[in-house]
Amino acid sequence: QQQVKQSPQSLIVQKGGISIINCAYENTAFDYFPWYQQFPGKGPALLIAIRPDVSEKKEGRFTISFNKSAKQFSLHIMDSQPGDSATYFCAASTASKLTFGTGTRLQVTL
Amino acid sequence: GAVVSQHPSRVICKSGTSVKIECRSLDFQATTMFWYRQFPKKSLMLMATSNEGSKATYEQGVEKDKFLINHASLTLSTLTVTSAHPEDSSFYICSVGTGLNQPQHFGDGTRLSIL
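Reading the values: rules and limits
Residues numbered from 1 in each chain as written. Chains lettered and ligands numbered in written order. Predicted model: local features only at pLDDT ≥ 70, side-chain atom pairs only at ≥ 80, totals over all residues. Heavy atoms only, no water. Helix = DSSP H or I, 4+ residues; strand = E, 2+ residues; numbered from the N terminus. Rg over C-alpha atoms; globule rule 2.2 N^0.38 Å. Buried < 20%, exposed > 50% of the residue type's maximum accessible area, 1.4 Å probe, protein only. Contact = heavy atoms within 4.5 Å. Areas by Shrake-Rupley, 256 points an atom, 1.4 Å probe, with all protein chains shown as cover. Lys, Arg positive; Asp, Glu negative; His and termini not counted. Charge placed at Lys NZ, Arg CZ, Asp CG, Glu CD. Buried area = accessible area lost by both parts, 1.4 Å probe. Salt bridge = Lys/Arg side-chain N within 4 Å of Asp/Glu carboxyl O. Polar contact = N/O pair within 3.5 Å; in protein donor to acceptor, adjacent residues only side chain to side chain. Nonpolar A, V, L, I, M, F, W, Y, C, P; charged D, E, K, R; others polar. Pairing = 2+ DSSP bridges. Disulfide = S-S within 2.5 Å.

Visitor: Break down the overall build of chain B for me, with residues and values.
Guide: In terms of helices and strands, chain B carries zero helices and 11 strands. Counted from the first residue to the last, chain B has its helices and strands arranged as β-β-β-β-β-β-β-β-β-β-β. A compact globule built from 115 residues would reach a C-alpha radius of gyration of about 13 Å, and chain B, at 13 Å, matches this within 12%. Based on the C-alpha atoms only, the size of chain B along its principal axes is roughly 40 × 25 × 25 Å. Among the 115 residues that make up chain B, the fraction classed as buried is 50%. Long-range pairs, those at least 24 residues apart, make up 53% of the contacts in chain B between residues at least 6 apart in sequence. Counting only carbon and sulfur atoms, one obtains 52% of the accessible surface of chain B, whose full area is about 5600 Å². Charged side chains in chain B number 11 positive and 9 negative. The centres of these two groups are separated by 7 Å.

Structure representation (C-alpha cells):
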C-alpha cells in the first residue's frame, strides 16, 4: 500500500535529448509528490514537486506530469545535459512522511 | 528551502562503539526532522521521525534502543548508533520537514563504516 514504483532503473540519454522517468503509487492518501536528484556521496536535493490537484508543473527544463486517476506521475527533463547525470527519486508524501521510489540512474552522454 | 548541515560526513570506528551523528537546521525552526538510511545504489528508507521536545517515532523494524534519537532544540537532532556492528554500516541522511505538503530538505549524509 505504501510502495512507490519507479521505472526505468537506469537510463542513458544523449545530450539535448529528453529524459523521462515514471512512477506509480497505490495509496490514495498520498497528497504531495516531490522529485529529488542525488549525486554520489550527497544527500537528495529537491528538484520539483506537485500536488494532486494539478496535472502538470514546469520549472525550467523539468516538468512533472501527474495523472490522478491512473495514480501515475512522471518527470521529464528537457534538453538533458551531462551535468544532469545523477540518480533521481520520485517520492510520495502523506502526513509529511515521504515514501521514496527505487531510483533511476540517469547518464547523459555527449 | 531549509539549509541542513550534517556532521560528521564520514566516520570509521570499531565494532562495539557508539557513534553520534548531528543534524542541524541552519535557517529554519525545525519541529520535525527525519532520519533515513540508504544502502549502496538503493533507495532511502525512513528510520524515524524526530519531534522537537518529544520522543521520536520509529518505523516498523527499526530498533529504538539501537538507534537513539534526540531532538532537544528546533535546530538540532542527533542520531546515536549504539554498540555499532558491521551490519550497521550505511549512509545515514537526515532531513528537515518544513510543513504539511511542503518539501523535506536533506543534509549531505554521514557515511558510517564499522570495522
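Visitor: Give a description of the interface of chain A and chain B that names residues and reports values.
Guide: Across the contact, 19 residues belong to chain A and 22 residues belong to chain B. Of all residues in chain A, A:Ser96, A:Lys97 and A:Phe100 give up the largest surface area on contact with chain B, accounting jointly for 26% of the area buried on that side. Here chain A is connected to chain B by two salt bridges. B:Glu59 is the salt-bridge partner of A:Lys97, the closest N and O atoms lying 2.8 Å from each other. If you look at where chain A meets chain B, you find seven residue pairs in polar contact (both at pLDDT 80 or more). For the side of chain A that touches chain B, the secondary structure elements donating two or more residues are β4 (33-38) and β10 (97-100) of chain A. In terms of residue count, the dominant contributor to the side of chain A that touches chain B is β10(A) (three residues). For the side of chain A that touches chain B, the residue count by class is eight nonpolar, six polar and five charged.

Visitor: Kindly report on the pairing of strand β4 (residues 32-38) of chain B, identifying the contributing residues and their values.
Guide: Residue and element names in this part refer to chain B. Summarising burial for β4: six of the seven residues are buried, a large majority. Alignment of β4 against strand β5 (residues 44-51), held across seven bridges, turns out to be antiparallel. Residue pairing for β5: threonine 32 is matched across the bridge by asparagine 51. Here β4 hands over to β5 after five residues, with lysine 41 in that stretch at a positive phi of 60°. Pairing of β4 with strand β9 (residues 90-97) involves six bridges; the strand directions are antiparallel. Paired with glutamine 38 across the strands is phenylalanine 91, a residue of β9.

Visitor: Report on the state of the cysteines, specifying residues and quantitative values.
Guide: The full count for this structure, using the stated rule, is two disulfides over all chains. The disulfide partner of A:Cys23 is A:Cys90, and the gap between their sulfur atoms is 1.9 Å. Between A:Cys23 and A:Cys90 the sulfur-sulfur dihedral comes to about -95°; the bridge is accordingly left-handed. Here the residue A:Cys23 occupies a position in strand β3 (residues 19-25), and A:Cys90 occupies one in strand β9 (residues 86-94), the gap between them amounting to 67 residues. Looking at A:Cys90, the relative accessible area reads 0%, which means it is buried. Paired by a disulfide, B:Cys23 and B:Cys94 hold their sulfur atoms 2.0 Å apart. Between B:Cys23 and B:Cys94, the S-S torsion sits near 80°, and that sign places the bridge as right-handed. One end of the pair, B:Cys23, is in strand β3 (residues 19-25); the other, B:Cys94, is in strand β9, with 71 residues separating them in the sequence. Residue class for B:Cys23 comes out buried when judged on its relative accessible area of 0%. Between B:Cys13, a cysteine without a disulfide, and B:Cys94, which holds the nearest cysteine sulfur, the sulfur-to-sulfur distance is 18 Å.

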